[in-house]
Amino acid sequence: MLPSSLVKIQNIAMIFHSAEGETVALKDFSLEIQHGEFISMVGPSGCGKSTLLNILAGLLKPTSGSVFIKNQKVNAPTFQVGYMPQSDQLFEWRTIWQNVLLGLEVQKKVNAKTEEAAARLLKRYGLVDFKNAYPSQLSGGMRQRAALIRTLAISPEILLLDEAFSALDYQTRLVVADEVKQIIVSENKTAILVTHDISEAISMADRVVVFSRRPGSVKNIHTITLSCQGNTPLKRREAVEFKDYFQKIWKELDIHV
Ligand code: ADP
Ligand code: MG
């Protein structure tokens, strides 16, 4: 018997109603994700990527269709999913340290061990000196790192990252991407990364899912196989096949400039 998929997205449709009328954000969206996979999602702006992550995180109920995680229907947020939304959603009245511990607090998992792990992440991401600072005192990139640490600190089984690295400068972005991938692989987690950066998508993922224009559905799925030494996102960028994937995905995105 085949092992059942970790995440099953079945025929999702999402319709938003507002004063201006209705917006069909997602339509006939189906996808299965296996344990340990790293999935990147790319698609034109407004095609429903963030909406899909909100549904996967249990924050939004789809108009029709269902999501199953470990064969359990998703109806509300669960501890096994760590979500880093597109806006960092740091609490301005809490220090960086208090923000980082928030997820652990909610889960009643603040103890010497988890605090030490969180402190290690702060150090690694260069935020130790800002432990007692407030979010408003940080740059966009630093805020994003703090939000990422908060998500990683709860050590979720499934990580949802919405444009997680977009506010980081290019150098930091490459380093952080390598580290996040390393954490996912070494801790045998599953990740879904939404990004507008095609190179980032390819460099990190086992599969890249390309969305159609709104209403978003799966336009194509690319299984990424690269011949390169080492499997870090940085190394993967050097593979000869890299630019072929880039060209194909770029064409599929159909962005008119
Ligand atoms: P993406 O992340 O791919 O850029 P979104 O998922 O944020 O796209 O949005 C998809 C579409 O749904 C957009 O047209 C957006 O304006 C609309 N939308 C998203 N959230 C809401 C909401 N809460 N109410 C009404 N419309 C929404
Ligand atoms: Mg979005």
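Predicted model only: the values in this text are computed from it and were never measured.

Glancing now at the coordination of the magnesium ion (ligand 2). Bound to the magnesium ion (ligand 2) are the protein donor atoms Ser50 (OG) and Gln86 (OE1), situated 2.1 to 2.4 Å from the metal. Of the two residues, Ser50 is situated in helix α1 (residues 49-56) and Gln86 in the loop between β6 (81-84) and α2 (96-100); the sequence distance between them amounts to 36 residues.

What follows covers the site of ligand 1. What surrounds ligand 1 is the set Phe16, Thr23, Ala25, Ser45, Gly46, Cys47, Gly48, Lys49, Ser50, Thr51 and Arg214. Here Gly46 contributes a backbone N or O atom positioned 2.7 Å from an oxygen atom of ligand 1. Taking 570 Å² as the accessible area of ligand 1 by itself, protein coverage stands at 61%. Breaking the shell around ligand 1 down by element, the ones donating at least two residues are β2 (21-33) and α1. By residue number, the principal contributor to the shell around ligand 1 is α1, which donates three residues. Taken together, the residues of the shell around ligand 1 sort by class into three nonpolar, six polar and two charged.

What follows covers helix α5 (residues 140-153). In this model, α5 (14 residues) spans 20 Å end to end at C-alpha, consistent with the 20 Å of a helix rising 1.5 Å per residue. Counting buried residues along α5, 13 of its 14 residues qualify, which places the element largely inside the surrounding structure. Once α5 ends, the next one or two residues include Ser155, with phi positive near 50°.

Counting across every chain of the model gives two aromatic pairs. Seen in terms of ring centroids, Phe29 and Phe211 are 5.0 Å apart; in terms of plane orientation they differ by 45°. Their pairing is tilted. Of this pair, Phe29 sits in strand β2 while Phe211 sits in strand β9 (residues 207-211), and the two are 182 residues apart along the sequence. Phe211 shares its class with Phe29; the two are buried.

For the structure shown, the criterion picks out two cavities of 30 Å³ or more. When its volume is computed, the largest cavity comes out at roughly 110 Å³. What lines the largest cavity is simply Ile55, Gly58, Leu60, Lys61, Pro62, Gly65, Ser66, Val67, Lys73, Val74 and Asn75. When the residues that make up the lining of the largest cavity are grouped by side-chain class, the tally is five nonpolar, four polar and two charged. As a volume, the second largest cavity reaches approximately 40 Å³. Val7, Leu56, Ile69, Val81, Ile158, Leu160 and Ile192 are the residues that line the second largest cavity. Of the residues that constitute the lining of the second largest cavity, the class distribution is seven nonpolar, no polar and no charged.

As a packed pair, helix α4 (residues 112-124) and α5 sit with axes 10 Å apart at the nearest point and diverge in direction by 150°. In terms of orientation, α4 and α5 fall into the roughly antiparallel class. Crossing hand, α4 versus α5: right-handed. Contact with α4, carried on its side by Ala118, Leu121 and Leu122, involves Ile149, Leu152 and Ala153 of α5 and no other residues of that element. Taken together, the residues that form the contact of α4 with α5 break down as six nonpolar, no polar and no charged.

Each value, and the rule that gives it
- Residues numbered from 1 in each chain as written.
- Chains lettered and ligands numbered in written order.
- Predicted model: local features only at pLDDT ≥ 70, side-chain atom pairs only at ≥ 80, totals over all residues.
- Heavy atoms only, no water.
- Donors = N, O, S within 2.8 Å, 3.2 Å for Na, K, Ca; no water.
- Helix = DSSP H or I, 4+ residues; strand = E, 2+ residues; numbered from the N terminus.
- Near = heavy atom within 4 Å.
- Polar contact = N/O pair within 3.5 Å; in protein donor to acceptor, adjacent residues only side chain to side chain.
- Areas by Shrake-Rupley, 256 points an atom, 1.4 Å probe, with all protein chains shown as cover.
- Nonpolar A, V, L, I, M, F, W, Y, C, P; charged D, E, K, R; others polar.
- Expected span 1.5 Å × (residues − 1).
- Buried < 20%, exposed > 50% of the residue type's maximum accessible area, 1.4 Å probe, protein only.
- Phe/Tyr/Trp six-rings, centres within 6.5 Å; stacked < 30°, edge-to-face > 60°.
- 1 Å grid on protein atoms, 1.4 Å probe; cavity = no way out; pocket = protein on both sides within 12 Å on 5 of 7 lines; lining within 4 Å.
- Points joined across faces, edges and corners; volume = space filled by probe spheres on them.
- Axes fitted to C-alpha atoms, helices over the stretch in contact; angles between N-to-C directions.
- Parallel < 35°, antiparallel > 145°, perpendicular 65-115°, else oblique.
- Left-handed = near helix turned anticlockwise from the far one by under 90°.
- Contact = heavy atoms within 4.5 Å.

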